[in-house]
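Structure assessment
These are the residues of each chain, in order.
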Amino acid sequence: MTDSGSNDDSPELLSVAQTAKLLDVTRQRIHDLIKNGQIIACKLGRYYYIEVAEVHRYKNQPPGKPYQPRSTNSQENSIDY
């Protein structure tokens with residue numbers, strides 16, 4: 001008899017509450033990170049689940065503001081003569 005919960009092919013999923021506890025933040029912060037695309041989650045029913053690998057990826061990101069290339073259409077530095 002095999003245990004269906006020990007399938008190595010499927011990734012381990014964490015709930016929002018488990019992820020928040022792991023990252024030492026609030027559940028609302030996790031929802032914000034999901035909404036902003038900083039953490040990738042899957043929605044099953046009405047709940048979000050996050051892969052353990054995704055939590056590790058997020059934790060190992062360098063601190064600071066994420067890189068965003070500048071727009072070439074910026075009008076802030078234009079000078080009118």
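What comes next is a walk through the structure. Computed from a predicted structure; not experimentally measured. (Residues numbered from 1 in each chain as written. Predicted model: local features only at pLDDT ≥ 70, side-chain atom pairs only at ≥ 80, totals over all residues. Heavy atoms only, no water.)

Re the nonpolar core
Formally: We call a set of buried residues a nonpolar core when its members are Ala, Val, Leu, Ile, Met, Phe, Trp, Tyr or Cys and they connect through side-chain atoms within 4.5 Å of each other. When accessible area is computed with a 1.4 Å probe and restricted to protein chains, residues below 20% of their type maximum are described as buried, those above 50% as exposed, and intermediate ones as partly exposed. Secondary structure elements are defined from DSSP: runs of H or I of at least 4 residues count as helices, runs of E of at least 2 residues count as strands, and each element is numbered from the N terminus. Contacts are residue-level and defined by heavy atoms, with any inter-residue pair within 4.5 Å sufficient.
Counting residues in each nonpolar core, the largest one holds 11 residues, listed as Leu 14, Val 16, Ala 20, Leu 23, Ile 30, Leu 33, Ile 34, Ile 39, Ile 50, Val 55 and Tyr 58. The set of elements that each furnish at least two residues to this core consists of helix H1 (16–23), helix H2 (27–35) and helix H3 (52–59). If sequence neighbours within four positions are ignored, Leu 33 has contacts with Gln 38, Ile 39 and Tyr 58.

Side note on the sheet that holds strand E3 (residues 47–51)
Backbone-to-backbone hydrogen bonds join strands into a sheet, with any given pair of strands oriented parallel or antiparallel. Filter applied, for reference: We call two strands paired when DSSP finds no fewer than two bridges between them. Simply put, an axis is a line fit to the C-alpha atoms, just over the touching stretch for a helix, and the angle between two N-to-C directions goes from 0 to 180 degrees.
Pairing is antiparallel across the open sheet formed by 3 strands, whose spatial order is E1-E3-E2. The open sheet has two free edges, formed respectively by strand E1 (13–15) and strand E2 (42–44), since each of these has just one partner strand. When strand polarity is set aside, the average angle formed by the axes of neighbouring strands in this sheet is 45°.

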